[in-house]
Amino acid sequence: MTINQKDKSGSRRKPALALLIVLLLAVLIFLFSDAPFVKSARDALIIRLGYVSEERVNEEEPVSTVEDIADSESENENGSAGDAGSLDGKNLPKYDGNHYVVINGNVPEFPEEVYAKAGLVQEGDKWKTKGNLLGTVDSSKLTPYEFYNPLDEHGRCRAAYGCLGRETMPEEGAERGDISSIHPSGWAKGQSWERCHLIAWSLSAENANEGNLITGTHYLNYDGMRPLEEETTHYIWSTGNHVLYMSEPVYSGKELIARGVHMVARSVEDNGEGLSFNVYCFNVTPGAEIDYKGGIVTTEEQAAQDARLYVINKRSGVFHYPSCDGAKSMSEHNREEVTATRVELTSQGYTPCGSCEP
Ligand SMILES: [Zn+2]
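Quantities reported herein were computed from a predicted structural model and do not represent experimental measurements. (Residues numbered from 1 in each chain as written. Predicted model: local features only at pLDDT ≥ 70, side-chain atom pairs only at ≥ 80, totals over all residues.)

Brief notes about the nonpolar core
With 48 residues, the main nonpolar core has Val243, Leu244, Tyr245, Val261, Met263 and Cys281 as its most contacted residues. Elements that contribute at least two residues to this core include exactly β5 (160-164), α5 (201-204), β7 (213-216), α6 (218-239), β8 (243-250), β9 (260-267) and β10 (276-282). In terms of residues, this core owes the most to one element, β8, which gives five residues. Counting residues in hydrophobic clusters, the runner-up holds 10 residues, among them Ile312, Val318, Phe319 and Ala327. (Core = buried A, V, L, I, M, F, W, Y, C linked by C-beta atoms within 7 Å. Buried ≥ 20, exposed ≤ 12 C-beta atoms within 10 Å, placed from the backbone. Helix = DSSP H or I, 4+ residues; strand = E, 2+ residues; numbered from the N terminus.)

Quick look at the structure:
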C-alpha cells in the first residue's frame, strides 16, 4: 500500500516538473533565439518595455556588391572597365583624377559572414553583439579576427576582412617583415609594381601572406589606400574600439591585376560614429597605360618614344636594350635585333626585361 501511494504522488509530480522544464525552455528560446519569428516577438516586447525606439528600419533590397560587378564584368569581357560613373552593378568606376570614388553614399555594407564572425548581429542600421537584449555592443563578447580567402582559380587574391582592434595589430616596437618572397598575380619585374597589402601591416601584423598582397601601383598603395589605413589605425589606437573592415580587390574578367580595391570600414562600439567609409580606390598610375593582364606599365614618356634598336629573345619573348648583359649573353639562335618602339613590342606581346627596364 505504501509503495502504491508513493507511486501515485510521484506520477503527480512528474507532469508538473515536465511543465516547468518546458516553460523554462520556452523562456530561454524567447530570450536567446535568433529565429526570425522569435526575434520579432522579442523585439516587440522590448519596444513595449521602452528599451528601443519604435522606429523600425525597413529591410532594404540588397545592393549589388562588388562581386556582382566582377561577375558581370567577366560575362562581358570585351567591355571596357567602367563607362558608368558609379558601381551600378554593370561597370567599374572610371578613373577621373581622384584617388577613390565613394560607393553607396559612403555607407558601409558587409556580407553577413563579416560581422557574424565577429559575433555581431545587424538590426536595421545598428549592430549588437549576439544575444544582447539591449541591442548594444558588448566589447567583451566581440571576437576580433582576420580572415584571408584562399587565392581564386587564377591565383588572385580575394576579399580580406576582419574585426580589427589592438588584438590584431602589431605589438608596439614590432618591425615589418620581408614580403619580397610573394609574387602576387600579374606581378612583372621592372614595372614599378608594389606589393600592396589588402589589410595594412599596421592593422593586421601580416607580412608574407599571399592572401593579403596584390600587385598595385604606388599611387594605389600610398595615395589611395594609405590615408584610409592610417585613419583606421589612429581610430583604434585612440579609442581602443574595434573596426569591421573589408578590403576586396576588384578584377575585370580574368585579368590578373586588380582594377581597384573596394575598402569598407565601420567602427563597431560606436556604430560607425568614429569611423565609417565605403570607397573604391583605383589601381592606376596617372598618365600611364596599364596592361592588367600582363602587368606591363607604359608611362607617357615611354609611349612617346621613337623607334630604336632592341634585342629580342625569341624563345622567352623578353626584349632588352642592346647594352644589357641579358642581350649580350643571349644565344645567337634565340637572338633577334629589331628597330621598333617600346609600345609596338609590348602590343605584340613582348615583355620588357626586368633588369635593363627598356
Ligand atoms: Zn635586359
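Right, picking up where we left off after that structure.
What to know about the pairing of β10
Most of β10 is tucked away: five of the seven residues are buried. Where strand β1 (residues 100-102) and β10 come together, three bridges link them in antiparallel fashion. In the sheet register, Val101 faces β10, and the bridge partner there is Tyr280. Sheet topology places β9 next to β10; seven bridges connect them, and they run antiparallel. Note on β10: the bridge partner recorded for His262 is Tyr280. (Pairing = 2+ DSSP bridges.)

Topic: the environment of Ala327
Considering the arrangement of structural elements, one finds Ala327 in helix α8 (residues 325-328). For Ala327, a count of 22 C-beta atoms within 10 Å translates into the label buried. With 10 residues separating them in the primary sequence, Ala327 and Glu337 have C-alpha atoms 9.7 Å apart. Contacts of Ala327, omitting those with residues within four sequence positions, involve Val311, His320, Tyr321 and Pro322. (Contact = placed C-beta atoms within 7 Å.)

Comments concerning the sheet that holds strand β13 (residues 308-313)
One open sheet accounts for four strands, arranged β15-β13-β14-β16; its pairing is mixed. Among the strands making up the open sheet, the edge pair consists of β15 (335-340) and β16 (351-352). Summarising the sheet, β13 and strand β14 (residues 318-320) pair through two bridges and their orientation is antiparallel. Among the inter-strand pairings, Ile312 is bridged to a residue of β14, identified as Phe319.

Focus on unusual backbone geometry
Unlike most non-glycine residues, Asn106 shows phi in positive territory, near 70°. At Asn271, a residue that is not glycine, the phi angle is positive and equals roughly 50°. Checked against the element boundaries, Asn271 lands in the loop between β9 and β10. Judged by the 15 C-beta atoms lying within 10 Å of it, Asn271 is partly exposed.

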